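# Overview (structure and organization)
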Amino acid sequence: MNARRVLLPSMLLSLLISACGSDSSPAGAGSGGTAGVGAAGGSGGGVRTGGAGGGGAVGAGGTAGGTGGSAGAGGAAGACANQVITGYYVYWEPGYRSNRLPLSKLTHVAHAFIWPKPDGSLDVPVGFVEPELITAAHAVGTKVLLSLGGAGTAQDANFRTVAGSSALSSLFAANLAKFVTDNGYDGVDLDWEFPKNAADRSAFTGLISALRAELHRPLLFTMAVTGTNWNGQWLDYASIDSMIDYYHLMAYDQHAGWAGISGHNAALFPGSAPEPSSNAQYYVDYLVGARGLAPSKVVLGLPFYGYRYDGSTTLGDNCGGSCSTARYVNYKVVAPLVGNGWTRHWDSTAKVPWLTKDGGPDLIAYDDAESIDAKVRWALQTRGLGGVFTWELSGDAVGSTEPLLDAMRAAYDATCH
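Residues numbered from 1 in each chain as written. Predicted model: local features only at pLDDT ≥ 70, side-chain atom pairs only at ≥ 80, totals over all residues. Heavy atoms only, no water.

## Remarks on the overall build of the protein
- A tally of helices and strands in the protein yields 11 helices and 16 strands.
- Across the 417 residues in the protein, those meeting the buried criterion constitute 58%.
- Sequence separation of at least 24 residues holds for 75% of the intrachain contacts in the protein that already meet a minimum separation of 6.
- Of the roughly 13,500 Å² that the protein leaves accessible, carbon and sulfur atoms contribute 54%. (Helix = DSSP H or I, 4+ residues; strand = E, 2+ residues; numbered from the N terminus. Buried < 20%, exposed > 50% of the residue type's maximum accessible area, 1.4 Å probe, protein only. Contact = heavy atoms within 4.5 Å. Areas by Shrake-Rupley, 256 points an atom, 1.4 Å probe, with all protein chains shown as cover.)

Structure representation (structure tokens):
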């Protein structure tokens with residue numbers, strides 16, 4: 001998705017806590033999307049773009065409670081019982097197929113993306129179905145979720161058409177459940193980016209109800225969500241919470257080409273960003289405090305990508321007027337640059353790194369093993385969240401290694417429960 005985001009001042013959070021209970025009080029300002037959530041496209045074909053992209057899917061193995069309690073983690077050997085570690089796997093990367101997946105390091109894989117057609121049938125891309133993925137994952141105890149949606153004009157329009165009709169919602173739900181069962185998936189991850197108004201909110205609640213009616217537990221039903229009220233106001237959490245097993249918090253894209261300045265892609269805490277709402281801590285506080293979600297149902301998203309800002313010399317500048325050209329870059333592209341014509345810096349407050357080009361200008365905001373470790377430990381140990389997920393696994397394929405996933409798994413093993 002070519003993300004456009006709005007940065008909400010942190011002082012609004014206290015107002016949101018009292019206002020959001022009705023799911024009707026706008027808190028955004030300006031134009032664009034939600035700060036630091038969703039995922040960006042740009043020239044890199046970014047997260048959730050045109051059928052691509054992801055928020056994360058989690059949880060399987062146990063049976064969710066009758067009122068929507070989180071399902072057990074299940075997953076790979078040595079995994080914890082109550083928290084998950086999920087990786088998005090995208091069908092469109094020809095150099096990264098299912099036989100490359102480090103399945104034993106994950107409790108869940110989210111297979112992205114298919115989406116609805118306007119008539120309630122399924123749009124399944126050529127090459128998407130991989131029986132060997134399901135077989136290999138199940139052989140090591142890892143669950144596979146079918147990821148539905150992603151950002152894009154067609155996907156958004158089709159979701160709106162299907163959700164707007166109870167008959168189409170029921171037909172779509174039946175078609176989807178059959179596809180899940182026929183292909184051996186362990187559940188569904190829903191990613192409509194994004195409901196935009198009160199009519200969408202009501203229609204989305206109806207669609208979720210239709211889907212849950214067909215996705216009989218222990219099949220999982222998860223969904224991607226944002227971390228501010230800009231898009232969050234159009235989700236009726238009180239009505240859908242019993243039907244959803246986990247919420248996948250897209251805690252990235254805090255800055256990109258839409259922002260007009262360079263900045264961190266996925267800060268953990270307020271740091272050098274001009275708006276204190278651009279960080280994972282704020283997003284979790286919004287979901288748990290303002291919207292009343294159980295921490296154990298919130299799964300924190302970690303990006304295996306960043307953004308390159310040509311013309312930027314320091315975080316927060318305007319790139320010489322060219323920040324709109326910021327480019328999505330996978331970690332596997334960034335990693336070889338460190339110490340090779342680029343200098344790494346560390347924001348000790350935000351807990352994320354960035355690079356500057358020696359002899360500049362040019363700047364890259366990204367995540368590395370140190371920041372991934374900090375986020376996982378904070379999410380699982382400090383906040384007691386339901387787990388962590390990443391968008392997306394091929395971005396970390398540095399040769400035959402996956403250094404960010406290794407850091408993610410090591411921190412998970414050290415802190416999960």
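## Section: the sheet that holds strand β11 (residues 305-309)
- Taken in spatial order, the five strands make up an open sheet running β12-β11-β15-β14-β13, and their pairing is antiparallel. Among the strands making up the open sheet, the edge pair consists of β12 (327-330) and β13 (342-347). On average, each strand axis in the sheet is inclined to that of its neighbour by 30°, with strand direction left out of account. (Pairing = 2+ DSSP bridges. Axes fitted to C-alpha atoms, helices over the stretch in contact; angles between N-to-C directions.)

## A closer look at the packing of aromatic side chains
- Going through the model one piece at a time under the given rule, you end up with 18 aromatic pairs.
- Centroid distance Y91 to F128: 5.8 Å. Interplanar angle 65°. Geometry classified as edge-to-face. In this pair, Y91 is assigned in the loop between β3 (84-90) and β4 (108-116) and F128 in the loop between β5 (122-123) and α2 (131-139), connecting sequence segments 37 residues apart.
- For F128, a relative accessible area of 0% translates into the label buried.
- Between Y237 and Y247, the ring centres sit 5.5 Å apart and the planes meet at 70°, which makes this aromatic pair edge-to-face. (Phe/Tyr/Trp six-rings, centres within 6.5 Å; stacked < 30°, edge-to-face > 60°.)

## Notes on the state of the cysteines
- If you walk through the whole model with that rule in mind, you get one disulfide.
- The partner cysteine of C319 in its disulfide is C323, sulfur to sulfur 1.9 Å. Taking the torsion about the S-S bond as the criterion, the C319 to C323 disulfide, at about 85°, is right-handed.
- A relative accessible area of 2% means that C319 is categorised as buried.
- Judged by its relative accessible area of 2%, C323 is buried. (Disulfide = S-S within 2.5 Å.)

## Focus on helix α4 (residues 166-183)
- The end-to-end C-alpha separation of α4 is 26 Å, in line with the 26 Å expected for 18 residues at 1.5 Å each.
- If you check which residues of α4 are buried, you get L168, S169, F172, A173, L176, A177, F179 and V180. Looking straight down α4, one finds its buried side chains confined to an arc of 165°; they lie on one side. Projecting away from the buried face of α4 at angles above 90 degrees are the exposed residues A167, K178, T181 and D182.
- For α4, the secondary structure elements touched by its buried residues are β4, β5, β6 (143-149), α3 (153-163), β7 (187-191) and α5 (198-214).
- Phi turns positive one or two residues past the end of α4, at G184, with a value near 80°. (Expected span 1.5 Å × (residues − 1). Arc of directions from axis to C-beta.)

## Thoughts on the environment of K375
- One can find K375 in helix α10 (residues 369-382).
- K375 sits 94 residues away from Q281 along the chain, and the two C-alpha atoms are 9.9 Å apart.

## With respect to the pattern of salt bridges
- For the coordinates displayed, the defined rule picks out 21 salt bridges.
- In this structure, the salt-bridge partner of R383 is D285, at a minimum N-O distance of 3.0 Å. Of the two residues, R383 sits in the loop between α10 and β16 (387-391) while D285 sits in helix α8 (residues 280-290), which places them 98 residues apart along the sequence.
- Accessibility expressed as a relative area gives 25% for R383, which makes it partly exposed.
- Residue D285 is classed as partly exposed on the basis of its relative accessible area, which comes to 24%.
- The shortest N-O distance in the salt bridge between R327 and D310 comes to 2.4 Å. (Salt bridge = Lys/Arg side-chain N within 4 Å of Asp/Glu carboxyl O.)

Honestly, that's just the spatial picture; any functional story needs more than this.
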